[in-house]
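Reading the structure
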Amino acid sequence: MEKNKSDHHQNEHHDMPTFQEAEGYSEPEEHTPHEHHGHGDMVEDFKKRFFVSLVLTIPILALSPMIQHFMGVDWRFENDLYILFALSSVVFFYGGWPFLTGGINELKDKNPGMMTLIALAITIAYSYSTLVVFGWAGNQLYWELATLVVIMLLGHWIEMRSIMGASNALEQLVKLMPSEAHKLDEDDQVQEVPLSQIRNMDRVLVKPGEKIPVDGVILEGTSTIDESMLTGESVPVDKSVSDDVIGGSVNKEGSLIIRVEKTGKESYLSQVITMVKEAQESKSKTQDLTNRAAKWLFYIALAAGFITLFAWLALGYSFDIAIERMVTVMVITCPHALGLAAPLVVAVSTSISARQGLLIRDRANFEGARNLDAVVFDKTGTLTKGEFGVTDIFSESRYANEELLQLAAAIEQNSEHPIAAGIVASAKHQNVSIGRVSDFESITGKGIQGTVDGQKVNVVSPGYVNSNDLSYNHNRFNKLSEEGKTVVFVLVEDRLVGMIALADIVRDTAKEAVAALKAKGIQSIMLTGDNRKVADWVAKQVGIDEVYAEVLPDDKANHIIKIKGKGWKVAMTGDGVNDAPALATADLGIAIGAGTDVAIETADVVLVKSNPNDVVTLIDLSKKTYRKLVQNLWWATGYNIFAIPLAAGVLAPWGIVLSPAIGAVFMSLSTVIVAINAKLLKV
């Protein structure tokens, strides 16, 4: 691997296709990604029910005698209550249907929660009001039913829109593969065949710039393979006859003939797919705080309602009066504020996080970030930019360092190799003028050469220098190599005049992020597929003490499991396909926004700005969001401590009886407080 990192480019390169350009994967059915339409359909269903119920609630409020009394108007007319009954029936059965069926399911599971509490409240309000319309003595509460259904539908709709649906990770993974392959027949003739028809031991041709369609072994040809999206290796790897190649990696240079070794479920990419799927399915579903509050409120409502009924009957009151007291208690327990407590905080925190460049995809895991013990960072593309930059220049001649960089950049400007791009970018960053090159040539095994200002200039690898017995400072070279840097040599008229060292550029914000996490008592760990020297050098730059290097791609998730085995809550931050299983296995998966689609789709949170410092912001927002959520739950349920006893009539001996109208005021006040409190959430 070290040789691969040090040896410089031999040939010209083609740009890697984007994931949007990658063609669909046409393997057999076992590779077809899960369909994820259910979540979107459910969001649309709640949206439709909300707007229909909202439109019907307006005339329901206008026709309700209690609301008219509040407003000091009299809009009563003959048979108005029957119209009210009809409109309310539509709201109850159509708008309330998700809650009624959800409540039944919760009761079947013997785990009553928010759905059961809502179903109980709207059923009591609807049943009691219908009895009143058709002759029972009392006041109908259809307006209470309608507003409760509308608010609950709104709350669920807000929440479901804020929470991302099922992951599209599998779909993004298979998009890495081409749909067709160039199969060679017995006469070495090329046939374009669907990937699904490729079998083990077949031979396939891979042209420069194409994605390798299968796992296999090179039979003919040499090339540089970009595996960064799959393995995390930051530098394209030189491959030749007998070397293994991975389906989904990119052939940067020469043509290759590959013998197929693995297809279908046995391929590396398919194994990653399986690992992502298993890791996602194994995630524990944390019980929602709101559901726990609703569960207790359900039991309290039932107990308080029946205690009130029997108490009033025992005191000698008629059944009509006793049932009205019971209904008042159970309706006043309606969780208007509770239903909005969490969704409003979710909506506000999602809005804040989006402005901060944090896209939250899994609410439960995001809110769990407040308890993190360790953050595991991938190296390439996360702590580093995933691109080369010049770190050291040493002259072994009369040329100044700036002149060496100027000569190298002039030659490299015609190359597309990552090292070339790094030298040219560094020259531009330092405002070094780049001269014109003529007679440019890329020579296999030797590097590149050209003529600059009438002089022949070469930029070559250590292998070329050693094979030609050119003298250079070996101690300096070894020191640079031990720091994980890639070294190239500059020759003028075949005489070595200096060396240039390059390394993956460390993000400026990485060191700040690690220091901030340490101040919070959170351990920072590096987990990378890159070699030990590179990993240790980057770790030293950013201040990370614990490093796991040369980790095989399919072993990253196992390392996360081991770290979690210490009893720690662990976040994983990465950007490559090889990070996907680890992102899914961690308690919190954080994807760098500049990374691959699959890493983003597997993660719980996406850092749009690719700034490691945003991990710190994320943890702070998680703590504040959870604190605000708990506050709202207390506000949402706290009014019941006073309202339920009052509605039950504990102050009746003193002539104080809480009517449903006054109960509604309490309820509305609680809802307003919850809404204002949610809006006060700041980072």
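The present account deals with the structure reproduced in this document.

Rules and cut-offs
Residues numbered from 1 in each chain as written. Predicted model: local features only at pLDDT ≥ 70, side-chain atom pairs only at ≥ 80, totals over all residues. Heavy atoms only, no water. Helix = DSSP H or I, 4+ residues; strand = E, 2+ residues; numbered from the N terminus. Buried < 20%, exposed > 50% of the residue type's maximum accessible area, 1.4 Å probe, protein only. Phe/Tyr/Trp six-rings, centres within 6.5 Å; stacked < 30°, edge-to-face > 60°. Lys NZ or Arg CZ within 6 Å of the ring centre and 35° of its normal. Pairing = 2+ DSSP bridges. Expected span 1.5 Å × (residues − 1). Axes fitted to C-alpha atoms, helices over the stretch in contact; angles between N-to-C directions.

Let's shift gears to the side chain of glutamate 367. Along the chain, glutamate 367 turns up in helix 14 (residues 363-367). What makes glutamate 367 buried here is its relative accessible area of 15%.

All told, the structure shown has 18 aromatic pairs when counted by the stated rule. Centre to centre, the rings of phenylalanine 85 and tyrosine 126 are 6.4 Å apart; their planes meet at 20°, and the pair counts as stacked. Here phenylalanine 85, found in helix 4 (residues 80-95), pairs with tyrosine 126, found in helix 6 (residues 114-133); they are 41 residues apart in sequence, far enough to count as distant. We classify tyrosine 126 as buried; its relative accessible area is 11%. Grouped by ring-pair contacts, the aromatic residues Tyr82, Phe85, Phe92, Phe93, Tyr126, Phe134 and Tyr142 constitute a single cluster. The ring of tyrosine 94 has arginine 49 sitting right over it, with the charged end atom 4.8 Å from the ring centre.

Turning our eyes to something else, we now look at the sheet that holds strand 5 (residues 223-226). What the three strands build is an open sheet, ordered 6-5-8; its pairing is antiparallel. In the strand order of this sheet, the two ends are held by strand 6 (237-239) and strand 8 (250-251), each with one partner. Bridge count between strand 5 and strand 6: three bridges; the pairing is antiparallel. What sits directly across from serine 223, in strand 6, is lysine 239.

With that out of the way, let us pick up helix 4. For helix 4, built from 16 residues, the straight-helix expectation of 22 Å at 1.5 Å per residue is met to within 8% by its first-to-last C-alpha distance of 22 Å. For helix 4, the set of buried residues is Asp80, Leu81, Leu84, Leu87, Ser88, Ser89, Val91, Phe92 and Gly95.

In this section: the sheet that holds strand 19 (residues 546-548). Overall, mixed pairing links the seven strands, which are arranged 10-22-21-20-11-18-19 in an open sheet. Across the chains shown, the open sheet's two edge strands, defined by having one partner strand only, are strand 10 (358-360) and strand 19. The average undirected angle you get between the axes of adjacent strands in this sheet is 20°. Alignment of strand 11 (residues 374-377) against strand 20 (residues 570-574), held across four bridges, turns out to be parallel. Residue pairing for strand 20: phenylalanine 377 is matched across the bridge by threonine 573.

Sheet topology places strand 1 (residues 180-184) next to strand 2 (residues 190-194); five bridges connect them, and they run antiparallel. Paired with glutamate 180 across the two strands is proline 194, which belongs to strand 2. A loop of five residues connects strand 1 with strand 2, the two strands running antiparallel in sequence, and aspartate 188 in this loop sits at a positive phi of about 60°. Sheet analysis places strand 1 next to strand 3 (residues 203-206), joined by three bridges and oriented antiparallel. Bridge pairing links histidine 182 to leucine 205 in strand 3.

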